[in-house]
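Fold and contact review
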Amino acid sequence: MEESQWKLLFGNIYSILSWNMEFLSHLRPRLDLGSDCFGDILVTMIPFLKPLYIAYNENYEMAQYTYRKCIKRSEFADFMSNRSKMNASSTDMLSSLHLPIQRLIMYDSLLKEIISLTPIEHPDYADLCTAYRLMRAMERAANRVVDKRRNMDMVLKIQESLIGDHVDIAQPHRSFVYNGRIKLVFGKVRDRMLYLFNDLLLVTKEKRRNKLEIDFTIELNQINGIDPMEDDRYRFSILGEDHSYVFHSTEDKASWIHYLNSAIMRLTQVPLEVDEMREDEFDVGNVDIDFLGPSGVLTKRALMLRILTWSQMGDPDQVMKDIGLCAKMIGDHLTNNNKF
């Protein structure tokens, strides 16, 4: 196996291994001393783990592709077969490649279980809750990076299918939303392929060899509204500033209206990245009860979200534990700040 293939197959696995060894080196002295506190170690080290798992998660699909490519070579296939025969209990390579991602999910579940068994007054309780929040935020961040990369791959694929003079579809801010075959009603009915992005509607003509020619584009911020044409089962209209466009879809009329309205609405809302940052700051998982924002202010929003979470929890004892700690935090905050 070439070194470049080895790197694609295993990614940054050695960096993840080094992090785990470092964590063990900090944990072992605590165990030797009989201490059951380790939350502070996680709080310190999780920020360093985050970029490692994001990088591994982002490379995971390429690792699968590389493995399937390598396994077609007889030398590699024979090596893997012999290894499997030597150790019948060993996991196959594809499953092994998923283990680091699976471990991240296990960290989440394990921390949650540990916290549920830890008394509120335990000195490690607050650090464990913080570590859990950081772990959840890291998992979300890793998934977002992968989703964003997949979306960009789709945008690039569409860009590469365009022929002739065309606009540059692959922009850093642009993301793919929806696509499908549809009929454009303009004098006569014309078959078209539509691609909806977060800021643009691309109307194309299908050519040979899976190529596309742009008919026209509509910027979403130039759309005044979507007319569902409720008296017509298959048609809807896009109302532009200068022109209106009537489309005919026998199967996807409702879907197109939904995705178009949603995309137009998002243009006027808070950017997704900002909204996700707020979500990370105010994680309302079953055990995260840190109500203090980055500025040290007790946030009413986080408290209200916590109350909603209590209403959905099935364990009355855990609810009471949360309420008790919440009351203590509110009392401490009011004592120190004299305001809510």
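What you see is a predicted model, and the numbers here were worked out from it, not measured in a lab.

Before going further, it helps to spend a moment on the overall build of the chain. Helix and strand content of the chain: 10 helices and 8 strands. For the chain, buried positions account for 38% of its 340 residues. At a minimum sequence separation of 6, the contacts of the chain that also span at least 24 residues come to 53%. Surface summary for the chain: the accessible area is close to 20,600 Å², and the carbon and sulfur share equals 54%.

Another point: the environment of Val177. In this fold, Val177 is placed in strand S2 (residues 176-186). Looking at Val177, the relative accessible area reads 26%, which means it is partly exposed. Apart from the residues lying within four places of it in its own chain, the contact partners of Val177 are Leu196, Phe197, Asn198 and Tyr259.

Our focus in this paragraph is the packing of helix H2 (residues 13-32) against helix H3 (residues 39-70). It is at 9 Å that the axes of H2 and H3 come closest, and there the two elements cross at 170°. It follows that H2 is roughly antiparallel to H3 by the angle criterion. Between H2 and H3, the contacting residues are Ile13, Ser15, Ile16, Trp19, Glu22, Phe23, His26, Leu27 and Arg30 on the first element and Asp40, Ile41, Leu42, Met45, Ile46, Phe48, Leu49, Leu52, Tyr53 and Tyr56 on the second. Taken together, the residues that form the contact of H2 with H3 break down as 14 nonpolar, 2 polar and 3 charged.

Right, let's get into the packing of helix H5 (residues 93-116) against helix H6 (residues 125-161). With their axes 10 Å apart at the nearest point, H5 and H6 run at an angle of 155° to one another. By the angle between their directions, the pair H5 and H6 is classed as roughly antiparallel. In this structure, the crossing between H5 and H6 has a hand that is left-handed. Across the interface between the two elements, Leu104, Ile105, Tyr107, Asp108, Leu111, Lys112, Ile114 and Ile115 from H5 touch Tyr125, Leu128, Cys129, Ala131, Tyr132, Met135, Arg136, Met138 and Glu139 from H6. Residues of the contact of H5 with H6, tallied by class, amount to 13 nonpolar, no polar and 4 charged.

Under the counting rule described, the total for this entry stands at 9 aromatic pairs. A ring pair is formed by Trp6 and Tyr14, whose centres lie 5.9 Å apart and whose planes are at 20°; its orientation type is stacked. With a centroid separation of 4.4 Å and 25° between ring planes, the pair formed by Tyr178 and Tyr259 is classed as stacked. One end of the pair, Tyr178, is in strand S2; the other, Tyr259, is in helix H7 (residues 253-266), and 81 residues separate them in sequence. Residue Tyr259 is classed as partly exposed on the basis of its relative accessible area of 31%.

Turning our attention to the sheet that holds strand S3 (residues 188-197). One open sheet accounts for 8 strands, arranged S1-S5-S4-S3-S2-S8-S7-S6; its pairing is mixed. Sheet topology places strand S1 (162-163) and strand S6 (223-227) at the edges, where each strand pairs with a single neighbour. By the bridge criterion, 4 bridges tie S3 to strand S4 (residues 200-206) in an arrangement that is antiparallel. Bridged to Leu196 within S4 is Leu201.

Turning our eyes to something else, we now look at the side chain of Ser237. As for its position among the elements, Ser237 is in strand S7 (residues 235-240). Given a relative accessible area of 5%, Ser237 falls into the buried group. For Ser237, the side chain forms a polar contact with the main-chain oxygen of Tyr245, separated by 3.4 Å. Non-local contacts of Ser237, meaning those with residues more than four positions away in its chain, are made with Gly225, Ile226, Asp227, Met229, Ser244, Tyr245 and Val246.

On to a nonpolar patch on the surface, then. A contiguous nonpolar patch, built from Met1, Trp6, Tyr14, Leu17, Met21 and Leu24 and spanning about 600 Å² of accessible area, is present on the exposed surface. Sorting elements by how many residues they give to the nonpolar patch places H2 first, with 4 residues. Note that Trp6 resides in helix H1 (residues 3-10).

Reading the values: rules and limits
- Residues numbered from 1 in each chain as written.
- Predicted model: local features only at pLDDT ≥ 70, side-chain atom pairs only at ≥ 80, totals over all residues.
- Heavy atoms only, no water.
- Helix = DSSP H or I, 4+ residues; strand = E, 2+ residues; numbered from the N terminus.
- Buried < 20%, exposed > 50% of the residue type's maximum accessible area, 1.4 Å probe, protein only.
- Contact = heavy atoms within 4.5 Å.
- Areas by Shrake-Rupley, 256 points an atom, 1.4 Å probe, with all protein chains shown as cover.
- Axes fitted to C-alpha atoms, helices over the stretch in contact; angles between N-to-C directions.
- Parallel < 35°, antiparallel > 145°, perpendicular 65-115°, else oblique.
- Nonpolar A, V, L, I, M, F, W, Y, C, P; charged D, E, K, R; others polar.
- Left-handed = near helix turned anticlockwise from the far one by under 90°.
- Phe/Tyr/Trp six-rings, centres within 6.5 Å; stacked < 30°, edge-to-face > 60°.
- Pairing = 2+ DSSP bridges.
- Polar contact = N/O pair within 3.5 Å; in protein donor to acceptor, adjacent residues only side chain to side chain.
- Patch = residues over 30% accessible without salt bridge, like charges linked within 9 Å, V, L, I, M, F, W, Y side chains within 5 Å.
- Salt bridge = Lys/Arg side-chain N within 4 Å of Asp/Glu carboxyl O.

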